[in-house]
Amino acid sequence: PPPPTEPKPLPRRRRRSDKPHITHVADRQVGPNLHLEAYWVGPPFGPGPGASLFAFREEILRFDPFGGNAGHFHFNPDQVWRLGKRTARIHFPEGSARSHMERAHFELAKNTSVALRSSMKEHIRALEVDDDSLRSAADFMLSHWLDVARELVVDIDDEAGLEADDPDSDEAPAAAAT
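Attention in this report is confined to the structure presented alongside it. Remember, predicted model here, so these are calculated numbers, not experimental data. (Residues numbered from 1 in each chain as written. Predicted model: local features only at pLDDT ≥ 70, side-chain atom pairs only at ≥ 80, totals over all residues. Heavy atoms only, no water.)

### Comments concerning the nonpolar core
No. 1: With 36 residues, the main nonpolar core has F63, L108, M141 and W145 as its most contacted residues.
No. 2: Breaking this core down by element, the ones donating at least two residues are β2 (34-41), β3 (48-55), β4 (58-64), α2 (97-117) and α4 (131-152).
No. 3: Beyond its immediate chain neighbours, meaning those up to four positions away, W145 contacts A38, Y39, W40, P49, G50, A51, F63, P65, M101 and A104. (Core = buried A, V, L, I, M, F, W, Y, C linked by side-chain atoms within 4.5 Å. Buried < 20%, exposed > 50% of the residue type's maximum accessible area, 1.4 Å probe, protein only. Helix = DSSP H or I, 4+ residues; strand = E, 2+ residues; numbered from the N terminus. Contact = heavy atoms within 4.5 Å.)

Here it is, written out as structure tokens:
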């Protein structure tokens, strides 16, 4: 059958990557009408990695793997927002940002199909994506986050969560991410 087409879009929020506190954006096409943005979230909402998966132009999954007790993700956030509700957070177990990043990798690779099928919109429920494409997208997301953490010299293994090193500090910088 032909791929589903998107109906006329409803007014929606801006994409996360359009916001001023989002940097280091990398895009990846995951499948037809499915695309991923991996990025770094700065103050006042970060610091830390983030990613959004879009079906057509609707955000289906959003990951905020900040470490400590702050890491979480959102399931169908645009859909919930349109209902006039605050987007609920599904928390990661307390741990390092690296452990949260790895959990986000798992969620993207394994649960994207569940997020698509749970959409209220028929054209999104009809989307299909193969497992190899999802694993590849999850690998891309994790690799991008690790590269940015190394560039920013951020300790992603601290169980307390993320803090960017202060360039004005007299202390030695934290070990770079590996």
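That covers the picture; the talk isn't over yet.
### Description of α2
No. 1: Taking 1.5 Å as the rise per residue, α2 with 21 residues should run 30 Å; its terminal C-alpha atoms sit 29 Å apart, in good agreement.
No. 2: If you look at α2, its biggest bend is around 60 degrees, right at N111.
No. 3: Looking at α2, one finds that the buried residues are A97, R98, H100, M101, A104, H105, E107, L108, A109, T112, A115 and L116.
No. 4: Buried positions along α2 lie against β2, β3, β4, β5 (72-75), α3 (122-125) and α4. (Expected span 1.5 Å × (residues − 1). Bend = angle between axes of the 7 residues up to and from the residue.)

### Examining the sheet that holds β2
No. 1: Strand order in the open sheet made by the six strands is β1-β2-β3-β4-β5-β6, with antiparallel pairing throughout. The open sheet has two free edges, formed respectively by β1 (22-31) and β6 (90-91), since each of these has just one partner strand.
No. 2: Of the pairings in the sheet, the one linking β1 to β2 comprises seven bridges and is antiparallel in character. From the neighbouring strand, R28 faces β2, where its bridge partner is L36.
No. 3: Across the sheet, α2 is in contact with β2, β3, β4 and β5; its angle to β4 comes to roughly 160 degrees.
No. 4: Sheet contacts for α4: β1, β2, β3 and β4; angle to β1, the most-contacted strand, approximately 165 degrees. (Pairing = 2+ DSSP bridges. Axes fitted to C-alpha atoms, helices over the stretch in contact; angles between N-to-C directions.)

### Observations regarding α4
No. 1: Between its first and last C-alpha, α4 extends 32 Å over 22 residues, near the 32 Å set by a 1.5 Å rise per residue.
No. 2: Buried within α4 we find L134, A137, A138, M141, L142, H144, W145, L146, V148 and A149.
No. 3: Where α4 is buried, its residues touch β1, β2, β3, β4 and α2.
No. 4: You can read the cap of α4 off the contacts: a side-chain oxygen lies 3.1 Å from the backbone nitrogen of D132, and it is on D130. (Polar contact = N/O pair within 3.5 Å; in protein donor to acceptor, adjacent residues only side chain to side chain.)

### As for the packing of α2 against α4
Any two packed helices are characterised by the angle at which their axes cross and by the distance between the axes.
No. 1: α4 packs onto α2 with a crossing angle of 160 degrees between their chain directions and a minimal axis gap of 8 Å. Judged on the interaxial angle alone, α4 and α2 are roughly antiparallel. When you trace α2 past α4, the crossing you get is right-handed. In this structure, α2 contributes R98, M101, E102, A104, H105, L108, A109, T112 and S113 to the contact, and α4 contributes L134, R135, A137, A138, D139, M141, L142, W145 and L146.
No. 2: For the contact of α2 with α4, a count of residues per class yields 11 nonpolar, three polar and four charged. (Parallel < 35°, antiparallel > 145°, perpendicular 65-115°, else oblique. Left-handed = near helix turned anticlockwise from the far one by under 90°. Nonpolar A, V, L, I, M, F, W, Y, C, P; charged D, E, K, R; others polar.)

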